[in-house]
Amino acid sequence: MNTSVAEKLGTVPLYERLGAAAGIERLVDASIDGHMRNPAIKARFLPYRDAPDRLAELKQHLCRFMAVGTGGPDEYDGRSMPEAHRGMNVSEAEYMAATDDILNAMDGHGYDRALRNEVLAILYSLKEEIMRV
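Predicted model only: the values in this text are computed from it and were never measured. (Residues numbered from 1 in each chain as written. Predicted model: local features only at pLDDT ≥ 70, side-chain atom pairs only at ≥ 80, totals over all residues. Heavy atoms only, no water.)

**Things to note about the packing of helix α3 (residues 20-37) against helix α5 (residues 52-69)**
The following threshold applies: Orientation is described by lines fitted to C-alpha atoms, with helices fitted over the stretch in contact, and by angles between N-to-C directions that extend from 0 to 180 degrees. Here a strand is any run of E in DSSP of at least two residues, a helix any run of H or I of at least four, and the numbering for each starts at the N terminus. Here is the rule for angles: anything less than 35 degrees is roughly parallel, anything more than 145 is roughly antiparallel, 65 through 115 is roughly perpendicular, and the remaining ranges are oblique. Crossing chirality is assigned from the near helix's rotation relative to the far helix, an anticlockwise turn below a right angle marking it left-handed and a clockwise turn marking it right-handed. Contacts are assigned to residue pairs that have any heavy atoms within 4.5 Å of one another.
Two elements in contact, α3 and α5, have axes whose closest approach is 9 Å; the angle formed by their N-to-C orientations is 125°. Considering their axes alone, α3 and α5 lie oblique with respect to each other. Like other packed secondary-structure pairs, α3 and α5 cross with a definite hand, here right-handed. Taken together, the residues of α5 that come into contact with α3 (itself represented by I24, E25, L27, V28, D29, I32 and M36) are L55, L58, K59, L62, C63, M66 and A67.

**Let's talk about the pattern of salt bridges**
We count it as follows: When a carboxyl oxygen of Asp or Glu is within 4 Å of a side-chain nitrogen of Lys or Arg, the pair counts as a salt bridge. A 1.4 Å probe rolled over the protein chains alone gives each residue an accessible area, and that area as a share of the maximum for its type sets the label: buried under 20%, exposed over 50%, partly exposed in between.
Considering all chains together, one arrives at six salt bridges under this definition. Linking K59 and D29 is a salt bridge whose minimum nitrogen-to-oxygen distance equals 3.2 Å. A residue pair is termed long-range when its members are at least 10 positions apart, and K59 in helix α5 and D29 in helix α3 qualify at 30 residues. Residue classification places K59 among the buried positions, given a relative accessible area of 19%. Notably, a salt bridge pairs E92 with K127, separated by 3.0 Å at the nearest N-O pair.

**Some details on the layout of surface pockets**
The test is simple: Every definition here rests on a 1 Å grid over the protein atoms only: cavities are sets of points where a 1.4 Å probe fits but cannot get out, pockets are open sets enclosed by protein on both sides within 12 Å along at least five of seven lines, and lining residues have some atom within 4 Å of a point. Grid points are joined across faces, edges and corners, and a volume is the space filled by probe spheres set on the points.
Here the largest pocket is characterised by a volume of approximately 1,100 Å³. Lining the largest pocket we find 36 residues, and of these F45, L58, L62, M81 and H85 sit closest to its centre. Elements that contribute at least two residues to the lining of the largest pocket include exactly α3, α4 (42-45), α5, α6 (81-85), α7 (92-108) and α8 (113-130). With eight residues, α5 is the largest single contributor of residues to the lining of the largest pocket.

**Topic: α3**
Note the threshold: Take the number of residues in a helix, subtract one, and multiply by 1.5 Å to get its expected span.
The terminal C-alpha atoms of α3 lie 26 Å apart, and with 18 residues this matches the ideal 26 Å at 1.5 Å per residue to within 8%. Taken as a whole, α3 has its buried residues at A20, G23, I24, L27, V28, S31, I32, G34, H35 and M36. Against α2 (14-17), α4, α5 and α7 lie the buried residues of α3.

**Some details on the nonpolar core**
Note the cut-off: Nonpolar cores are built from buried Ala, Val, Leu, Ile, Met, Phe, Trp, Tyr and Cys residues. Side-chain atoms within 4.5 Å join them into one set.
Among the nonpolar cores identified, the biggest contains 33 residues, and L18, I24, I32, F45, Y95, M106 and V119 are the most heavily contacted of them. When residues of this core are traced back to their parent elements, those giving at least two are α2, α3, α5, α7 and α8. Considering every element that reaches this core, the biggest residue donor is α7, with seven residues. Among residues more than four places away in sequence, those in contact with F45 are I32, H35, M36 and L58.

Pasting the structure below:
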C-alpha cells in the first residue's frame with residue numbers, strides 16, 4: 001500500500017502526518033511564539049524569554065508530550081497535565097486562546113483542515129485536565 005492510500009485510510013500515525021519530530025518541533029516553536037504575542041495569555045509565557053533554559057525545557061516537554069500523544073516513538077517522563085497546570089487556574093478564555101495559537105501555527109505551516117481537526121480533538125480531550133486546576 002503506498003503512502004497516499006495509507007494516509008487516506010488513516011493508517012499513518014498522526015505523528016508522521018505532522019512531520020515527525022521535526023514537524024512537531026516547528027509546531028511547538030510557532031505555538032509558543034504565538035502564545036508570547038497573544039494578549040490573553042502572553043503574561044504567562046513572556047517570563048520564559050528571560051529564562052532560555054526554562055524555555056528550552058518547556059519546549060522539549062511539549063515536543064515529547066505531543067509526540068507520544070500522536071503515536072510517535074518518544075517517551076514522556078514529564079508531569080501529567082493536571083500536575084503541570086495545578087495552581088495556574090487557567091480560564092476557559094486562556095485555554096481557548098492557547099488552542100487558537102496552536103491551530104494558527106498549524107495553518108501557518110500548511111496543515112490541512114482535517115489534520116487541524118484531529119489535533120483540535122486532542123486539545124479538547126485535555127481541556128478538563130488543564131482548566132481551573
